[in-house]
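Here are the chains, one letter per residue:
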Amino acid sequence: MRVVHCGCAGDRHWYADIDDAEDPQPDDPFWYVDGCASQAQALETACEQLQALSGRVFRGDHLLRVLD
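Residues numbered from 1 in each chain as written. Predicted model: local features only at pLDDT ≥ 70, side-chain atom pairs only at ≥ 80, totals over all residues. Heavy atoms only, no water.

Tracing the backbone shows Val4 in strand β1 (residues 2-8). In this structure Val4 comes out as partly exposed when scored by relative accessible area, which is 31%. Separated by 38 residues in the primary sequence, Val4 and Ala42 have C-alpha atoms spaced 8.8 Å apart. With residues near it in sequence (within four places) discarded, Val4 still touches His13, Trp14 and Tyr15. (Helix = DSSP H or I, 4+ residues; strand = E, 2+ residues; numbered from the N terminus. Buried < 20%, exposed > 50% of the residue type's maximum accessible area, 1.4 Å probe, protein only. Contact = heavy atoms within 4.5 Å.)

Most often, soluble globular proteins keep nonpolar side chains buried together rather than apart. Core analysis: the biggest nonpolar cluster contains 11 residues, these being Trp14, Ala16, Ile18, Phe30, Trp31, Val33, Cys36, Ala42, Ala46, Leu53 and Leu63. Taken together, the elements giving at least two residues each to this core come down to β2 (11-18), β3 (31-36) and α1 (39-59). Look past the residues within four positions of Phe30 in its chain and what remains in contact with it is Ile18, Asp19, Asp20, Leu53, Leu63, Leu64, Arg65 and Val66. (Core = buried A, V, L, I, M, F, W, Y, C linked by side-chain atoms within 4.5 Å.)

Per the counting criterion, the structure on display carries 5 salt bridges. The shortest N-O distance in the salt bridge between Arg65 and Asp19 comes to 2.7 Å. Taken together, the residues span a long stretch of sequence, with Arg65 in the segment after α1 and Asp19 in the loop between β2 and β3 at a distance of 46 residues. The shortest N-O distance in the salt bridge between Asp61 and Arg59 comes to 3.1 Å. Members of the salt-bridge network, linked through shared partners, are Asp19, Asp20 and Arg65. (Salt bridge = Lys/Arg side-chain N within 4 Å of Asp/Glu carboxyl O.)

Rendered as structure tokens:
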């Protein structure tokens, strides 16, 4: 999981994504959220999604990337 404080065009916000070590670039993660108002919001949202993805992997589901 990655959480980043962004400053695009003067708009300060938080971004989070979930990716793996095999593809560390932020171009095609398994999941992402952008525009969070706080670090806490980005972390909480990402942790909830990580738990959901973990459950899917445990069941044997194949995880798709955002662009798949």
